[in-house]
Amino acid sequence: MNALNASCRVAFAALLHDLGKFAERAAPEVAREQLDAHVTAYCKWHEPERYHSHKHAAYTALFMDEIEKAAPDLIRAEMLPFASRKENGDITDSLVNAAAMHHRPETLLQWIIATADRVASGFEREEFERYDAAEDKTATGRNHYQARQLTLFEQVSLAENRPVATPANLRYRYPLKPLSPENLFPVRRDGYEPDDDESARKEYRALWEAFLDALDKIPSSHRRQWPLWLDHFDTLWQSFAHAIPSATAFGARPEVSLYDHGKAVAAFAVALWRWHIAQEGLSDADAICQHKGRADWDAPKFLLVQGDFFGIQDFIFSEGAETNRHAARLLRGRSFQVSLFTELAALKVLETCQLPSTSQIINAAGKFLIVAPNTVDICEKLAAARRELNDWFLRETFGLSGLGLVDKTASCNDFLEGRFDGLIETLFGDLERAKLRRFDLTGDTPPPGVFAVDYPHGVCRYNHHLRADKPEEGENRASARLSRDQVEIGKALAHQDRLLIFRDGADLHEGGVKILETSFFGYRVGFTANEAESGKFGELARSGDLLRCWDFSLAENLRDSLWHGYARRYINAYVPYFSTLDQQTSDKYRETEAGDADPHAPKTFNHLACEDRILDGNGKWVGQIALATLKGDVDNLGRIFQQGLKRNTFAKMSALSRQMNGFFAIWLPAYCREKYPNTYTVFAGGDDFFLIGPWRSTQKLAADMAGEFRRFVAENPDVHFSAGFAMTKPGHPIYALAEQAENALEAAKGHGTDEVKEKNAACLYNEIVPWPKWNELVQLEQEVRNLSDEYQISTGYVYGLLSLIDIACDEKIPESAMWRSRFAYRTRRYVVDKLKPEARAMAQTRLATTFGENGIVKQQGRFRIPLFNFFYSKR
């Protein structure tokens, strides 16, 4: 038996065990006799009340046929571990039955999916029994047709005195629409959530029909390979089920999506099945008895495998002789390569353990979490994979970066309320310890302290940490293949949409594919644009050499669908390009070494530094030529995941991670593309971001992000991010940009008292501004500009205000109390010298109010921000 293919089939059945919830709410036509027969076969009967509950199970069995049309062959092909339908034998253990019988399981496979369902929900035994007997009505007062999904972010609470979130005071719901950047955001319940079945089911019906149409987009040639097809289907299911509430019975909160719940069930089911088949002497009958009574729920059947890429900063911002010359291309290539390393390391673990893509629950910001069976064989294979990954990073990067791989055993009971919080805390702690045990340096077989490496071609011109392995034209122009790949990736990201993963040694003759030089952990990587140019890779898919085909294209706009027929990985960055308008205004670039505006080519940092310049009244370009580097991350992330939800579950944890990643990896690049097209998203994903753009526009973007993030988290005051700015001239060393932005971010997070760090702030020009006060400075800056235009205020007068701010803010010096008299004297002198007598009194009052009271008194040091912005816009 092929364990990987069989595991894919188990995962598929578990992933779609609640397909019937989607189908039933959409109300497609079903013959009454057929429906009654399926209800009798699949739904639980209750005595003495005499009714069937959870009728969605019947719809799961009915509508698996719709999925079957576009899936790998479920009739004539190999179907182990399920019964095959190609013979006239007993099909009790068919895939369809395993998916649909989770509320009245009989066979071991059915019990495995039923158990996985309960573990993913975190149900205690008594709680599940009440849920299993309940009617379809939620805690929000809506039935299963009307209820729309709550947002977990609205329920996160870190403050001890904050009221507990109840269904009555939860105001936001996710729109029931396919996944797009905008549909990641919740909307106000009032005016959206329907209160009648007809309109509620109409919305479901439109989504169901779109889902069935989208199913046909998966290339038919990919059906021959279960792992490849299932990876595509996983993305499709996420695109259409990400906002369908899963639990709508027993007064449940509809807060976890059908996708996130199904994904967790699939991961648990595969691990449980693989654990059971590895147990010698345990009969199916005995195993069923243990599942029924939960007798073995303390047995450590699961192995939670975490990966964490370390050295991200050092890797992305490494310097070389020609780093700055190719800065933009190298940055986007390296950033993408970090995501690629993590994805391929996760794939290595999955393949080594013969697990499907659905066993990978989390993958964001250089981290992943995989659910594996805790067997002797898996533990040995995992140790071998860890050694292989360590050896690769030591050989290719000399330890500049690496990937920590740690595992933790867990039982079914560990995922229940009361124990799951402890499990999460342990997982976080394990990752932190892994960072201190890199490359198994303290293990039994540590790597050599010194590598026997020669440098016949010197060091790499892009990264002086690496050995050059190939000379190029010109003196001192040798490079390392890893760096050459980064340059090629930087080029490919500008024109390609799809990433192909092949086995090392595969016969690669497909046209239109750019293959990278480096072999990553035994895989080769290729870039391609579209099917018209390179085909759907049918032969490679049929042979099994094509392991994955990932769509990494960016959304065209905030409303664009993210489903294009292939598995998605949200690992791309937005890159600014020249437009027709840029060509028409190319004079703004002439004071730098930026060069001409090349149509449809990516912009360099020199070009971006000019983008905030404007034409003055004399037709001259004015404004500082400068870049802003913006670095930020979500505050208190560990507390949010470990303590934020009062009743946490595995499915909720994975959902929260996926949704948090969505803001930065999906929404932010699309927002930059539509609203801030001159911003590089160097990296954005997980809970953090690193952006480079024109100095003034980047400030506006950061403020927009803070406001949009508040909307994203349903206005929850406990969930926010901090950010740091570094403003520099173009040509500044990249590592220096990163270091300055990092220092600014630390300052933003460090403001407040020693006991309480307030965070939720930005640091700009060494001044810390809480986000709620940012708009005050924006308005103040506009007042400064208005006064400057109206009274022709000189930059000398405004510049003198900076020294007054220094005096006013330093109470330790004697002059501190004198700033008001000096300000009044300078202002009076200015209005008398520059203005007519009839305008002086009003001007004195307005200048005193704006610069004195609203500026120096109210904002203190923060008043420097609008003043600096005013100066830089005039230069």
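Note: the structure precedes this text.
Throughout what follows, the structure given in this document is the object of discussion.

Rules used in this analysis
Residues numbered from 1 in each chain as written. Predicted model: local features only at pLDDT ≥ 70, side-chain atom pairs only at ≥ 80, totals over all residues. Heavy atoms only, no water. Helix = DSSP H or I, 4+ residues; strand = E, 2+ residues; numbered from the N terminus. Buried < 20%, exposed > 50% of the residue type's maximum accessible area, 1.4 Å probe, protein only. Contact = heavy atoms within 4.5 Å. Salt bridge = Lys/Arg side-chain N within 4 Å of Asp/Glu carboxyl O. 1 Å grid on protein atoms, 1.4 Å probe; cavity = no way out; pocket = protein on both sides within 12 Å on 5 of 7 lines; lining within 4 Å. Points joined across faces, edges and corners; volume = space filled by probe spheres on them. Phe/Tyr/Trp six-rings, centres within 6.5 Å; stacked < 30°, edge-to-face > 60°. Lys NZ or Arg CZ within 6 Å of the ring centre and 35° of its normal. Pairing = 2+ DSSP bridges. Axes fitted to C-alpha atoms, helices over the stretch in contact; angles between N-to-C directions.

On to the side chain of Arg484, then. On the secondary structure map, Arg484 appears in helix H17 (residues 481-492). Since its relative accessible area comes to 11%, Arg484 is described here as buried. Apart from residues lying up to four places away in sequence, Arg484 is in contact with Asp469, Lys470, Glu472, Ser479 and Glu517.

Looking now at the pattern of salt bridges. This model, assessed by the stated rule, comprises 53 salt bridges. Glu193 is the salt-bridge partner of Arg189, the closest N and O atoms lying 2.6 Å from each other. Of the two residues, Arg189 and Glu193, both sit in the buried class. Taken together, the shared-partner salt bridges connect Arg142, Arg173, Arg189 and Glu193 into one network.

Let us look at empty space enclosed by the protein. This structure, assessed with the given rule, holds four cavities of 30 Å³ or more. Estimated volume of the largest cavity: approximately 100 Å³. With four residues, the top contributor of residues to the lining of the largest cavity is helix H23 (residues 650-675).

Below, the discussion takes up the packing of aromatic side chains. According to the stated counting rule, one finds 68 aromatic pairs in the structure shown. Ring plane angle 80° and centroid distance 5.5 Å describe the contact between Phe310 and Phe439, whose orientation is recorded as edge-to-face. Separated by 129 residues along the polypeptide, Phe310 in strand E5 (residues 302-310) and Phe439 in the loop between helix H16 (420-435) and H17 bring together distant segments of the chain. Take Phe310: its relative accessible area is 5%, and that puts it in the buried class. Taken together, a centroid distance of 5.5 Å and an interplanar angle of 65° make the contact between Phe709 and Phe721 edge-to-face. One end of the pair, Phe709, is in helix H24 (residues 695-712); the other, Phe721, is in strand E19 (residues 721-728), with 12 residues separating them in the sequence. Owing to a relative accessible area of 2%, Phe709 belongs among the buried residues under this scheme. Its end group placed over the ring of Tyr523, Lys348 keeps NZ or CZ at 5.2 Å from the ring centre.

It is worth spelling out the pairing of strand E7 (residues 367-373) at this point. Burial runs high along E7: six of the seven residues are buried. In this sheet, E7 lies alongside E5 in antiparallel orientation, the contact comprising seven bridges. The partner of Phe302 across the bridge, within E7, is Pro373. Hairpin connection, strand E6 (residues 360-364) to E7: the antiparallel pair is bridged by two residues, and Ala365 has positive phi, about 55°.

The strand order across the open sheet formed by five strands is E10-E11-E9-E12-E13, and the pairing between neighbours is mixed. Single-partner strands in this sheet number two, and they are strand E10 (514-515) and strand E13 (567-568). Contacts from helix H10 (residues 226-241) reach strand E12 (546-551) and E13 within the one sheet, and its direction differs from that of E12 by about 20°. Each of strand E9 (498-503), strand E11 (523-528) and E12 is contacted by helix H14 (residues 327-352), which is oriented at about 130° to E11, the strand it contacts most.

Turning our eyes to something else, we now look at the sheet that holds strand E20 (residues 761-764). Taking strand neighbours across the sheet as the criterion, the six strands line up as E17-E18-E16-E19-E20-E21 in an open arrangement whose pairing is mixed. If you trace the sheet from one side to the other, it starts and ends with strand E17 (680-685) and strand E21 (767-770), each paired once. Taken over all neighbouring pairs, the strand axes of this sheet differ in orientation by 15° on average, direction set aside. One ladder, built from five bridges, connects E17 with strand E18 (residues 688-694); its direction is antiparallel. Within the sheet, the bridge partner assigned to Gly685 lies in E18 and is Asp688. The sheet strands contacting H14 are E17 and E18, and the helix crosses E17 at an angle near 15°. Against the sheet, helix H25 (residues 734-749) engages strand E16 (627-634), E18, E19, E20 and E21, with an angle of about 140° to E19.

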